Amino acid sequence: MKTSEFYSIIKYNNGKMVDNPDDIAVEYSLDVYVNGQKFVRLLCTPKSLKSLCLGFLRSEGIIESDGDVESFHFDEEECSAFIETRKDDKIFGIEEKKLNVVGTSKGMVSEDIYGKNFKQTENEADNIARDVDFKKLLETVERFGQMSELFKNTGCAHSCGAGSVGNIEVFEDDIGRHNALDKVVGSCMLRGIDTSKVILFLSGRVSSEMLLKALGGGFRAVVSRSAPTNAAVDIARKNGIFLCGFAREDKINIYSGFPS
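Residues numbered from 1 in each chain as written. Predicted model: local features only at pLDDT ≥ 70, side-chain atom pairs only at ≥ 80, totals over all residues. Heavy atoms only, no water.

K.L.:
Tell me about the overall build of the chain, and name the residues and values.
P.N.:
Secondary structure assignment for the chain yields 7 helices and 14 strands. By residue count, 48% of the 260 residues in the chain fall in the buried class. For the chain, long-range pairs separated by at least 24 residues make up 51% of all intrachain contacts whose partners lie at least 6 apart in sequence. With an accessible surface of roughly 13,100 Å², the chain has 46% of that area assigned to carbon and sulfur atoms. (Helix = DSSP H or I, 4+ residues; strand = E, 2+ residues; numbered from the N terminus. Buried < 20%, exposed > 50% of the residue type's maximum accessible area, 1.4 Å probe, protein only. Contact = heavy atoms within 4.5 Å. Areas by Shrake-Rupley, 256 points an atom, 1.4 Å probe, with all protein chains shown as cover.)

Written out as structure tokens, the structure is:
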């Protein structure tokens, strides 16, 4: 299976807009069944999937070795892996476990959100894309990238912010990127900030669960210093989200919500 795909995007480079193909990492959704029961959904790169499944089950304490596995079957059409263990009693607590979605960096996201239809906020993404000054946006992203004292001191933090071009109104950081985003959503709620009218700034990769969290939090514009996955781009385009990545120095990639 392919691990990346080419998408048509727009690149802003030193004041110029250029149509450009971009190679974007594939985000694959793999349902894992253990002894006939749907156990977990893993969001991953579609390679070494057997190793991923067995490694996940061992690291979570579900199996102790590959000797605990009687069979492994991967169904590419169903995007599912089926694992039978040697002893059911080695799967402790599996009957009580609810299906989880495990994100690309172990972020937990409710499975329900993947089928949710988000309410469209009237033209907010279009307005942001049309009115944005990309030079000033990049200056804002640069300032955002310098705001985390935790990262400066430890090198171990993800940052998230909310605001407009030239102004970061809310800033949070955390060792977990999902936590940082949740903190910003909560801070915006507490401060009465309408998230549909501001930009969400991210320091890290934009995978589907991060974009879905952003949508759930009401954001219509997302700008990251890092890359999106193809699933995130697809969700952004489906929902009319202004999505930018690789916002660094004098360059930025526009994946969705292209300015008219």
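K.L.:
Tell me about the packing of aromatic side chains, and please be specific about residues and values.
P.N.:
All told, the structure shown has 5 aromatic pairs when counted by the stated rule. Here the aromatic rings of Tyr33 and Phe82 are separated by 4.8 Å at their centres, their planes lie at 20 degrees, and the arrangement is stacked. Remark: Phe82 occurs in strand S6 (residues 80–85) and Tyr33 occurs in strand S3 (residues 28–34); sequence separation between them is 49 residues. With 6.5 Å between their ring centres and 70 degrees between their planes, Phe134 and Phe242 make a pair best called edge-to-face. Here Phe134 is found in helix H3 (residues 134–144), whereas its partner Phe242 is found in strand S13 (residues 242–248), with 108 residues between them in sequence. (Phe/Tyr/Trp six-rings, centres within 6.5 Å; stacked < 30°, edge-to-face > 60°.)

K.L.:
I'd like a rundown of the layout of surface pockets, residues and numbers included.
P.N.:
Put simply, the largest pocket is a space of about 220 Å³. Lining the largest pocket are Phe144, Gly145, Gln146, Ser148, Phe151, Lys152, Ala157, His158, Ser159, Ser203 and Arg225. For the lining of the largest pocket, the elements supplying multiple residues, two or more each, are helix H4 (149–154) and strand S9 (158–164). Tallied by class, the residues present in the lining of the largest pocket amount to 3 nonpolar, 6 polar and 2 charged. (1 Å grid on protein atoms, 1.4 Å probe; cavity = no way out; pocket = protein on both sides within 12 Å on 5 of 7 lines; lining within 4 Å. Points joined across faces, edges and corners; volume = space filled by probe spheres on them. Nonpolar A, V, L, I, M, F, W, Y, C, P; charged D, E, K, R; others polar.)

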